[in-house]
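Working through the structure, step by step
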Amino acid sequence: MSLLSQIRIRKATEADVPFIFNSWLKSYRNSLAAKHVVNAVYFDQHHKVLERLARTSEILIACNNADTAQIYGYICAEKIDGVFVLHYCYVK
């Protein structure tokens, strides 16, 4: 069985939102852009950014084909003025 046959790409569901927000906020926390922002400000303000992006963007999940609740990673992207914009990519 090939690796690709073991992976499914699907749209994110409401059940995925806690994982997406948690992993995004924690993994981006140590980025160059965010590492000097105090925790209270970072988590409050960046959570608002994620809420907006979740409403306007498409989030695709890479998961186990046999168990779609087992998430390997995701992307958040949208088209803006005809240009594909990848907002975030996360892989375990």
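Going by the structure above, here's the rest.
Not measured: the values here are computed from a predicted model.

In space, the four strands of this open sheet follow the order E1-E2-E3-E4, with antiparallel pairing throughout. Taken across any chain shown, the strands that pair with only one partner, and hence form the sheet edges, are strand E1 (7-11) and strand E4 (83-91). Going across the sheet, the axis of each strand differs from the next one's by a mean of 20°, ignoring polarity. Summarising the sheet, strand E2 (residues 58-64) and strand E3 (residues 71-80) pair through six bridges and their orientation is antiparallel.

Now for the pattern of salt bridges. Enumeration over the complete set of coordinates arrives at three salt bridges. With a closest N to O distance of 3.6 Å, Glu58 and Lys11 form a salt bridge. Here the residue Glu58 occupies a position in strand E2, and Lys11 occupies one in strand E1, the gap between them amounting to 47 residues. Since its relative accessible area comes to 38%, Glu58 is described here as partly exposed. Between Asp44 and Lys48 there is a salt bridge, and its shortest N-O distance comes to 3.6 Å. Here the residue Asp44 and the residue Lys48 both occupy positions in helix H2 (residues 39-56), the gap between them amounting to four residues, near one helical turn. Overall, the relative accessible area of 38% leaves Asp44 in the partly exposed class.

Unusually for a residue other than glycine, Asp81 sits at a positive phi of about 50°. Position of Asp81 among the secondary structure elements: in the loop between E3 and E4.

Take the packing of aromatic side chains next. Counted according to the given criterion, the structure contains six aromatic pairs. Seen from their ring centres, Trp24 and Tyr88 are 4.5 Å apart, and the 5° between their planes marks the pair as stacked. Separated by 64 residues along the polypeptide, Trp24 in helix H1 (residues 17-28) and Tyr88 in strand E4 bring together distant segments of the chain. Like Tyr88, Trp24 is buried. Seen from their ring centres, Tyr28 and Tyr88 are 6.1 Å apart, and the 85° between their planes marks the pair as edge-to-face. Of this pair, Tyr28 sits in helix H1 while Tyr88 sits in strand E4; the two residues are 60 residues apart in sequence, bridging distant segments of the chain. Take Tyr28: its relative accessible area is 25%, and that puts it in the partly exposed class. Judged by its relative accessible area of 14%, Tyr88 falls in the buried class. Here the aromatic cluster, defined as three or more aromatic residues joined through ring pairs, consists of Phe19, Tyr74 and Tyr90. Lying over the aromatic face of Tyr42, Arg29 brings its terminal NZ or CZ to 4.6 Å of the ring centre.

Calculation notes
Residues numbered from 1 in each chain as written. Predicted model: local features only at pLDDT ≥ 70, side-chain atom pairs only at ≥ 80, totals over all residues. Heavy atoms only, no water. Pairing = 2+ DSSP bridges. Helix = DSSP H or I, 4+ residues; strand = E, 2+ residues; numbered from the N terminus. Axes fitted to C-alpha atoms, helices over the stretch in contact; angles between N-to-C directions. Salt bridge = Lys/Arg side-chain N within 4 Å of Asp/Glu carboxyl O. Buried < 20%, exposed > 50% of the residue type's maximum accessible area, 1.4 Å probe, protein only. Phe/Tyr/Trp six-rings, centres within 6.5 Å; stacked < 30°, edge-to-face > 60°. Lys NZ or Arg CZ within 6 Å of the ring centre and 35° of its normal.

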